[in-house]
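# Summary of the model geometry
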Amino acid sequence: MTQRLPPRLQVLSPEEAAAKKQAREQRDAQVRGVASIHEMRDAIRQAARSLPEISEVPRMGRLDAAAFQALAAKGLPFLITGVVNRWPLSALTPHALRERYSHLPVRARVGDYVNTAFAPDRAMQDMSMLEYLELVSAGTHDLPPYLGNLELRELNSLCHWPAYFRKMGPPRFWVGPAGTVTPLHCDYDDNIFAQVWGTKRIFLAPPHHDEYLYPSEANAILFGSPFDPEAPDYEEFPLARKASMIECIVNPGDMLYVPAGWYHQVRALTFSLSANRWARAVPLALNGGASRQS
């Protein structure tokens, strides 16, 4: 197996780094149709303060776009059934993935990709789908290798995404065995997460509870937290006792709506294939309340 090293990180002066960060935030704001990503984040957190507390994620039947948007405007997560199980991709099996898509180039998360999840130098290896599946079968890693956040167009041709968002980013795919995990973080975009096969456990916390979760900025629309709701360390993170954590089991055929700004941690309980898409627009919970570009 040939390992391709990631490109050498460019060393920037503080001024260059600040200018690059500002330019990216301006592009992010333009794509989403808001005047400022910072103002959008603040608006999301402020709106969340008026949300009712929930102890579980409600489950809905199939929704058309209007019904989805009306429900999403309330700012709470929910599960949708009857959509993903109609996709041709849902009929795919792990054996078929190996036989039909072994040639696909993929980039696997390897090593300690949890503690380096939001660092620019997370350990990655380029390989084929077959090489990845054989790496998983070997079972020699404490933390199983993970295919995460990959744009696999061959698999997306077997999906029929509902038009829930006015504008969406490209589909992203997640493949891995039990034990693969994405640590606690939030994206400041609305998200629909489709569980094609396998089962995952997801912990969710509302946006305004970031004040209890010791967040750090990876970029303007992505913040990570060092707190682990599956193994809480309240001595190191005492404020986390105040954070509401909602546990949700996502089963095959489920689609989970994660509103912008909601923290979430995802663990595979079985070998899983998942896909998601982020909106690229004003979050639905703001109902047009964020400062839009004129």
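Because the structure is predicted, anything quoted here is derived from the model rather than measured.

Along the protein, the regular secondary structure elements total 6 helices and 15 strands. At 19 Å, the protein has a C-alpha radius of gyration in line with the 19 Å of a compact globule built from 294 residues. Taken along the three principal axes of its C-alpha coordinates, the protein extends 50 × 50 × 45 Å. Counting only residues that meet the buried cut, the protein has 50% of its 294 residues in that class.

Moving on to the side chain of Asp190. Mapping Asp190 onto the fold places it in the loop between β7 (181–187) and β8 (191–197). No salt bridge is formed by the buried Asp190. Its closest oppositely charged neighbour is Arg32, at 9.9 Å. Of the polar contacts made by the side chain of Asp190, one reaches the side chain of Tyr257; its length is 3.0 Å. For Asp190, the side chain forms a polar contact with the main-chain nitrogen of Ala260, separated by 2.9 Å.

The 6 strands are arranged β10-β11-β7-β14-β9-β12 in an open sheet whose pairing can be described as antiparallel. Looking at which strands have only one partner, the edges of the open sheet turn out to be β10 (216–219) and β12 (246–250). When the angles between neighbouring strand axes are averaged without regard to direction, this sheet yields 30 degrees. With 3 bridges joining them, β10 and strand β11 (residues 222–224) adopt antiparallel strand pairing. Paired with Ser216 across the strands is Gly224, a residue of β11.

Once that is clear, we can look at the pairing of strand β3 (residues 105–109). Note: β3 against strand β4 (residues 124–128), 5 bridges, orientation antiparallel. If you follow Arg109 over to β4, its bridge partner there is Met124.

For Met245, the location among the structural elements is in the loop between β11 and β12. Sequence separation between Met245 and Thr180 is 65 residues; the distance between their C-alpha atoms is 20 Å. The residues contacting Met245, other than those within four sequence positions of it, are Leu184, Phe203, Leu204, Ala205, Leu213, Phe227 and Pro229.

Note that soluble globular proteins tend to have their nonpolar side chains buried in a common cluster. Membership of the largest hydrophobic core comes to 43 residues, with the highest contact counts inside it found for Tyr132 and Met255. The biggest single contributor to this core is helix α5 (residues 129–138), with 5 residues. Excluding residues that lie within four positions of it along the chain, Met255 makes contacts with Phe78, Leu79, Ile80, Val83, Val84, Trp87, Trp161, Pro162, Tyr164, Ile192, Phe193 and Ala194. In terms of nonpolar packing, the next biggest core, distinct from the first, is built from 22 residues, Ala205, Tyr212, Phe237 and Val282 among them.

The phi dihedral of Asn149 is positive, around 60 degrees, even though this residue is not glycine. Of note, Asn149 is situated in strand β5 (residues 146–150). Among the residues examined, Asn149 registers a relative accessible area of 29% and is labelled partly exposed. Non-glycine residue Tyr214 carries a positive phi angle of around 55 degrees. Checked against the element boundaries, Tyr214 lands in the loop between β9 (200–205) and β10.

Let's shift gears to the pairing of β12. The side chains of a regular strand alternate between the sheet's two faces. The alternating pattern of β12 places Ile246, Cys248 and Val250 on a buried face and Glu247 and Ile249 on a face that is not buried. The pairing of β9 with β12 spans 5 bridges and is classified as antiparallel. By the bridge assignment, Arg201 is partnered in β12 with Ile249.

The next point concerns the sheet that holds strand β13 (residues 255–258). One open sheet holds the 9 strands; their spatial order is β1-β2-β13-β8-β15-β6-β5-β3-β4, and the pairing between them is mixed. Edge positions in the sheet fall to β1 (59–60) and β4, since each has one partner strand and no second. Pairing of β3 with β5 involves 2 bridges; the strand directions are antiparallel. Within β5, the position partnered with Arg109 by the bridge is Tyr146. Contacts from helix α3 (residues 65–72) reach β1, β2 (78–80), β8 and β13, with the element oriented near 165 degrees to β2. Here α5 sits on the sheet and contacts β3, β4, β5 and β6 (172–176); the angle it forms with β4, its principal contact strand, is near 115 degrees.

What counts and how
Residues numbered from 1 in each chain as written. Predicted model: local features only at pLDDT ≥ 70, side-chain atom pairs only at ≥ 80, totals over all residues. Heavy atoms only, no water. Helix = DSSP H or I, 4+ residues; strand = E, 2+ residues; numbered from the N terminus. Rg over C-alpha atoms; globule rule 2.2 N^0.38 Å. Buried < 20%, exposed > 50% of the residue type's maximum accessible area, 1.4 Å probe, protein only. Lys, Arg positive; Asp, Glu negative; His and termini not counted. Salt bridge = Lys/Arg side-chain N within 4 Å of Asp/Glu carboxyl O. Polar contact = N/O pair within 3.5 Å; in protein donor to acceptor, adjacent residues only side chain to side chain. Pairing = 2+ DSSP bridges. Axes fitted to C-alpha atoms, helices over the stretch in contact; angles between N-to-C directions. Contact = heavy atoms within 4.5 Å. Core = buried A, V, L, I, M, F, W, Y, C linked by side-chain atoms within 4.5 Å.

Bear in mind that shape data such as this cannot, by itself, settle questions of function.
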